[in-house]
Structures are given as structure tokens and as C-alpha cells.
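Observations on the model geometry
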Amino acid sequence: GVEYCKILELLPDGKALLLRAGVGWKEGCVGHATVDTGTNSQAGYTLISDKPVIVDDMRTEKRFSAPSLLVDHGVVSGMSIIIKGKDRPFGVMGVHTTRKRTFTRDDANFLLSVSNVIADAIERKRLSAHIDHVARYDILTDLPNRILFIDRVTRAISHAKREKEQIAILYLNLDRFKVINDSMGNETGDGLLKSVAERMVNCVREGDTVSRMGGDEFAIMLVGITCASDVTKVSQKIIEAVSEPYVLDDREMHITASIGISMYPYDDEKMEGLINKARAAMLQAKEHGRNNDRFYNMEMETSSYEMMMLENDLRKALDRRELLLYYQPQVDINTGRIVGVEALIRWRHPDRGMVSPADFIPMAEETGLIVPIGEWVLHTALAQNKAWQEEGLAPIKMSVNFSSVQFRQKDPVEIVANALRETGLKPGYMELEITESVIMKGADAVIKKFQELKELGIHICMDDFGTGYSSLSYLKRFPIDILKIDQSFARNVTTDTNDASIVMATIAMAHGLGMTTVAEGVETKEQLEFFRSQKCEVVQGYLFSKPLPAEEITKLLREGGRFEI
Ligand code: C2E
Ligand code: MG
Ligand code: MG
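Structural notes, computed from the coordinates. The structure displayed is predicted, hence computed values, not measured ones.

Secondary-structure assignment places threonine 226 in the loop between strand E9 (217-225) and helix H7 (228-243). Here threonine 226 falls in the exposed class, since its relative accessible area comes to 62%. Polar contacts involving the side chain of threonine 226 include one to the side chain of aspartate 230, which spans 2.8 Å.

Moving on to the site of ligand 1. Residues in contact with ligand 1 amount to 22 residues; listed here are only the nearest, Arg346, Asp463, Gln487, Glu523 and Tyr542. A distance of 3.1 Å is found between a nitrogen atom of ligand 1 and a backbone nitrogen or oxygen belonging to isoleucine 345. For ligand 1, whose free accessible area comes to 800 Å², the fraction covered by protein is 83%. For the shell around ligand 1, the secondary-structure elements that each account for two or more residues are strand E15 (338-349), helix H10 (357-367), helix H11 (370-390) and strand E19 (459-465).

Another aspect to go through is the coordination of the magnesium ion (ligand 3). Metal coordination angles in their ideal form are 109.5 degrees for the four-donor tetrahedron and 90 or 180 degrees for the six-donor octahedron. In this structure, Asp463 (OD), Asp464 (OD), Glu520 (OE) and Glu520 (OE) serve as the protein donors to the magnesium ion (ligand 3), at separations of 1.9 to 2.8 Å. Counting the intervening residues between successive donors of the magnesium ion (ligand 3) yields the motif D-D-x55-E. On the basis of relative accessibility, which here comes to 6%, the residue aspartate 463 falls in the buried class.

Before going further, it helps to examine the coordination of the magnesium ion (ligand 2). The magnesium ion (ligand 2) binds to the protein through Glu342 (OE), Asn401 (OD1), Glu433 (OE) and Asp463 (OD); the donor distances cover 2.0 to 2.2 Å. Taken in sequence order, the residues that donate to the magnesium ion (ligand 2) follow the motif E-x58-N-x31-E-x29-D. Between the two metal centres, the magnesium ion (ligand 2) and the magnesium ion (ligand 3), the spacing is 4.0 Å, with aspartate 463 acting as a shared donor. Residue asparagine 401 is located in strand E17 (residues 397-402), and its partner glutamate 433 is located in strand E18 (residues 430-434); the two are separated by 32 residues in the primary sequence. The class for asparagine 401 is partly exposed, based on a relative accessible area of 28%.

The next thing to look at is the sheet that holds strand E12 (residues 257-264). Across a sheet, paired strands are connected by hydrogen bonds in the backbone, their directions being either parallel or antiparallel. Pairing is mixed in the open sheet, where 5 strands are placed in the order E8-E9-E7-E12-E13. Edge strands, defined here as strands with exactly one partner in the open sheet, are strand E8 (209-214) and strand E13 (293-295). Neighbour-to-neighbour, the strand axes of the sheet open up by a mean angle of 20°, direction not taken into account. In this structure, strand E7 (residues 166-174) lies alongside E9, joined through 8 bridges in antiparallel fashion. Among the inter-strand pairings, isoleucine 167 is bridged to a residue of E9, identified as valine 223.

The subject of this paragraph is unusual backbone geometry. Going from tyrosine 264 to proline 265, the amide bond is cis rather than trans, its omega being 0°. Mapped onto the elements of the fold, proline 265 is located in the loop between E12 and helix H8 (271-287). The backbone of arginine 176 shows a phi angle near 50°, a positive value even though the residue is not glycine. Here arginine 176 shows up in the loop between E7 and helix H5 (177-184).

Right, let's get into H10. Of the residues making up H10, those classed as buried are Phe360, Pro362, Met363, Ala364 and Glu365. Sitting at the head of H10, serine 356 places a side-chain oxygen 3.0 Å from the backbone nitrogen of alanine 358. Phi turns positive one or two residues past the end of H10, at glycine 368, with a value near 85°.

Within the fold, threonine 554 resides in helix H20 (residues 550-558). With near-sequence residues (within four places) excluded, threonine 554 lies in contact with Trp388 and Glu391.

This next bit is on the nonpolar core. Considering soluble globular proteins, one finds that nonpolar side chains tend to be buried as a cluster. With 81 residues, the main nonpolar core has Tyr327, Phe450 and Phe531 as its most contacted residues. Counting residues in hydrophobic clusters, the runner-up holds 34 residues, among them Val242, Leu248, Met253 and Ile255.

As a packed pair, helix H6 (residues 186-201) and H7 sit with axes 9 Å apart at the nearest point and diverge in direction by 145°. Handedness of the H6/H7 crossing: right-handed. Residues Val196, Arg199 and Met200 of H6 form the contact with H7, whose own contacting residues are Ile238, Ala241 and Val242. Residues that form the contact of H6 with H7 fall into these classes: 5 nonpolar, no polar and 1 charged.

Within the structure shown, the criterion is met by 9 aromatic pairs. Relative to phenylalanine 478, the ring of phenylalanine 450 has its centre 5.2 Å away and its plane inclined at 65°; by these criteria the two rings are edge-to-face. Of this pair, phenylalanine 450 sits in helix H15 (residues 444-455) while phenylalanine 478 is found in the loop between helix H16 (472-475) and strand E20 (482-485), placing the two residues 28 residues apart along the sequence. Residue classification places phenylalanine 478 among the buried residues on the basis of a relative accessible area of 3%. Both rings, one in phenylalanine 530 and one in phenylalanine 531, keep their centres 5.5 Å apart while their planes meet at 85°; by these two values the pair is edge-to-face. Residue phenylalanine 530 is classed as buried on the basis of its relative accessible area of 12%. If you follow arginine 199 out to its NZ or CZ, it ends over the ring of tyrosine 246, 3.6 Å from the centre. Between lysine 546 and the ring centre of tyrosine 542, over which it is positioned, the NZ or CZ distance is 4.9 Å.

This paragraph deals with the pairing of strand E1 (residues 4-10). Both faces of the sheet carry side chains from a regular strand, because those side chains alternate between them. Most of E1 is tucked away, with 5 of its 7 residues classed as buried. Two strands pair when backbone bridges link them, and E1 and strand E6 (residues 91-97) are joined in this way by 6 bridges, in the antiparallel orientation. Each bridged residue has a counterpart across the sheet, and for leucine 8 the counterpart in E6 is valine 92. For E1 and strand E2 (residues 16-23), the ladder comprises 6 bridges, and the chain directions are antiparallel. Bridging across to E2, lysine 6 finds its partner in glycine 22.

Calculation notes
- Residues numbered from 1 in each chain as written.
- Chains lettered and ligands numbered in written order.
- Predicted model: local features only at pLDDT ≥ 70, side-chain atom pairs only at ≥ 80, totals over all residues.
- Heavy atoms only, no water.
- Helix = DSSP H or I, 4+ residues; strand = E, 2+ residues; numbered from the N terminus.
- Buried < 20%, exposed > 50% of the residue type's maximum accessible area, 1.4 Å probe, protein only.
- Polar contact = N/O pair within 3.5 Å; in protein donor to acceptor, adjacent residues only side chain to side chain.
- Near = heavy atom within 4 Å.
- Areas by Shrake-Rupley, 256 points an atom, 1.4 Å probe, with all protein chains shown as cover.
- Donors = N, O, S within 2.8 Å, 3.2 Å for Na, K, Ca; no water.
- Pairing = 2+ DSSP bridges.
- Axes fitted to C-alpha atoms, helices over the stretch in contact; angles between N-to-C directions.
- Contact = heavy atoms within 4.5 Å.
- Core = buried A, V, L, I, M, F, W, Y, C linked by side-chain atoms within 4.5 Å.
- Left-handed = near helix turned anticlockwise from the far one by under 90°.
- Nonpolar A, V, L, I, M, F, W, Y, C, P; charged D, E, K, R; others polar.
- Phe/Tyr/Trp six-rings, centres within 6.5 Å; stacked < 30°, edge-to-face > 60°.
- Lys NZ or Arg CZ within 6 Å of the ring centre and 35° of its normal.

Printed below as a string of C-alpha cells:
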């Protein structure tokens, strides 16, 4: 017989083995005692030998030194063998005795078969732990997934019911994540989701749960809440943390989040109701300008329902001819002549009246409806410009907005070439307005698309410049002809010296790079004078005209197409 039996587990750092299980050892050893690896112990030596290690007499052993665990227990003889794991050994098992005894080949074989059984069991346990993990955790972020979240909320509710406590559910959706994902690629999108997840986890306490519900949606459960302001504090902290800049692939990026909040027991006493209501509140937060949070309230059911209806309506809007274009004059800053117009979409909704593009373009982008809508815009705008020319009016340029989602989903070169061919407009009379989110992914493929678009003979304009993430030096890699300074600058140039200096530098650098500049949103004479003093070429804004229906532009052009300047 043997007095001691042991199973040692190799610790993750590989420097020691821990006595995991065994019989015969003094109290306090199992779970605590460790032995060194290498030739400092029998177990260590066993790890590096591929056969069972048999010790006839520890006192005369030469291959390794006797570890204190064995010395303390007066061990004289024994044998040990490695327990193999799939990628690395799990550890060592062994039997020992205080008497001098010779172990036979049969003894060693017996030990070998026991160690194989153990190795097998460990492997199976690890595999099932892994399967269990992936069933309950999100692969990308390693946060609890929807299933685990539901489970935790259900448990928390029964606990809160007993203890008369409150729970808050925060439902978070990233604003316009799809646009970033489409323009920068899935890998960057994934990286962003991971960073967002980490930041959120840092905003909550130990007992709270942050989970990924799928896509760019996360849900957070806060427990042990005493008042609503506790919840707002956490929610605001998350909104702030998420909106800090990210650096991924050496590019700086920004994203914001909208959060909806529901509370147990006030809003609902059931798990499903609580989560659904937090989500409805999130949709509401989005509708109210994004980058904020909202508590659930009863009227919201109808409101998220309304959003859904609006999306349904938009699907039919094209066929029902409810979409139309307005045109806003672009004016030569020196002569006052109308040199072009920008096509701006409008939706004449049967019940709601005129819907602004700010209210439905983001929805069209998220649903992909922007692709057919965008093609319709391009075709209609170019056809209109051609019609003005056929009438014999002095030719002007037509500027068309092009969404980054459109740029990604279908070949933009093909779309533009088709529209030019079908309408017969000369390419020199069209301008494509693109926003910074398109060029964010500075991939060569995007630059190549720009070059192909250029080769068609059209002009390319960078819209809303100054609101996004790119610098002029970055823009230089793209064949851009025109820089349109965002209207937020026009609003401030005469009052904010910071904005004024940014605009001055921007215009000077744009000129240095061979681009011309357009100022949009010019509403006052003072703003106009500022841009003139900076040699900005073209201005657009309410000072001259709001966007107008085609017939009114026709009238303006017939009257000579010139503003007092
Ligand atoms: P944007 O391309 O920057 O268009 C300029 C917006 O500023 C227009 O708003 C225009 O009406 C407004 N605006 C012009 N002058 C002034 C001014 O002096 N003061 C003020 N306060 N506003 C001025 P709108 O028409 O509501 O369009 C909003 C945005 O919707 C556009 O911004 C553009 O990003 C998008 N959009 C409009 N039409 C289309 C389209 O056909 N396709 C795509 N993809 N996006 C479009
Ligand atoms: Mg525009
Ligand atoms: Mg703009």
C-alpha cells in the first residue's frame, strides 16, 4: 500500500505546481502546498519526462532534489506521471510511501491508465466549460450575452421583490454606428465595439451587469438602486465615457450613444416588459437628438410605434411620388451670379406635411433605403439641370448630396455614370457632395473610386467640412475640388474668434491645395463680408435664398440669375 496520493496542477505561469487533491497529506496542504518545476522536485522532473518516474529511495535520488512537501512527510519511495492536457500538461499525479519499496512496471502502467482517465475528464470538463461560456457570453466583447442577461434580470427581480429593492435597466444603442461600420470596415467597427464595452464596464459597480444584446446594442442592469438620480448619474457617466475619442488604426474616431431607462417596479414588474420599455425609451432618446438618455414613460409605446410607421411610409414614398427636390442657389461672392444650385430632398408626407431630410435621411441610411432614394435624387437633379440648359438659360452646376452608405453599398461610379448617360447632362455641370465619413476609411480602394469619379469629368465637393474627423493634410490624398465649410462656422465667424481663425486657416490651406471654397449657411451681411475678406469663392445661405422648388429657380434664372451683392 501507499500512504500518499497526489494530484498536482501546473499553475498558469508554469513556475510551480499546486497540490490540488490527494490523500494522506497533513492538514492545510491540499489546495495550498506548491512545489517547484524543473529539477527542484520529483513532480517538476516528471513534467519533463515522458515516462513514469519511479523513485526507489529519495535519500539517494540524483535526478532531482527532494521537495520539502515530500521531505516533511518522510517520503522514501514513490512514482509519478504526467497528466497530459490538450495544449499543455495539466499537471502530475503520484503515489508515495514512507517505507522503502520497489514499484514494478505493472504499478507504473496502472498509474499511467489512471492519469489518462483523469486527463480525459479534465479535458471534457474544460470543453464543457468553454461551451457553457460561449453560450452565455458574447464572443467579440466577452460581455454576458442576451441569454445570460435575461437570466440575471430574472434572478435580480425575484431578489428585489423579496428585499423590496429597485432595479434599473439601461438600454444603449450607438448613434449612427452603421455609418461608421460601412465607411471604415467591419474590423474597425468591431474594435470600436470592444472599446465601448470596456468603457461601459468601468462605469458600473461590481454587482451590475453590462451585456451585449447584439449589433451595436447593449443592456445594463443596475441593482441596489435607492433613487432615480443614482441611475442618471451612471447613465450620464456612460454617455460621457462612450463619447470620448477613440484611436483605432491610427485614426481618431468619435461616437455617441443613446440610452433608454426603465425601472423595477415602477415601469414593469416582469423581465420582458422592463427590457422592452428601456428599449422604447432608447428609441425616444434617439428621436430627441441622440447622445442623451431618457426614462421610460407611458406615451412612448405610441412613439416608437410611430417611428416604425414612418419607416413603412418611407418605403412607399418613392413609388407614391411623395419625394421631391428643392434647390438652393450658390452665389459667386464677387459678382452675385448664381453659379450653381444644391439639390435638397423633401418628403411631402400625406398626413405629416413636409418632412425635413434631417428626420428621414438617417433612417433611410440605417435601412438601406438611401440607395434607391439617392439614385432617384441624382437622376431627377441632373434631368432638371439639363432641362434648364435646353431652355437656353445660362448653364449652372448641379450639386447633389451623396451619403456614405450609398458610397459603400453600390458602385458610386456606375450610379453617377448611369445618371449622366440617361439625362445627357455634361459631367462638368455636376458636383457630388460627399461627407467626411466616406473618406474616413482612407483605404486605397476609396481613393481609387474618387479618381474614377473624377475621370468621369465631375467635380467633387467635401460637404460639412470641420464637423468630422479629417484634417486638410489628410484630404490632400483625395482628388477633391471644392471644400464646403460647415454652416456652424458661418454662424459664429463674426462672434467667435476661434471659429474665425479656424475658417481663415482652412480657406488659406484649401487654396494652397488647389481647392475652391464654398461657405454655407450665410445669413447676414457681416458673415458675407468675412468670407469675402478671406477670398472664399462661393456662398450659399438664407441671405440670398432658402431652398426653392424648381419653378422658382427657373424664374430666378430667367430674370438673369444674379443677386445684389
Ligand atoms: P447639407 O448638405 O449640409 O445641406 C445644407 C442644409 O443647410 C440644408 O438643410 C439647407 O436648407 C440648410 N441651409 C442652407 N442655408 C442655410 C442658412 O442660411 N441657415 C440655416 N440655418 N440653414 C441653411 P436641409 O435641406 O434640411 O438638409 C439637411 C441635410 O440633409 C443636408 O445637409 C444633407 O446632409 C441631407 N440631405 C438633403 N438632401 C439630401 C439628398 O438628396 N441626399 C442625401 N444623401 N442627403 C441629403
Ligand atoms: Mg450638402
Ligand atoms: Mg453641408
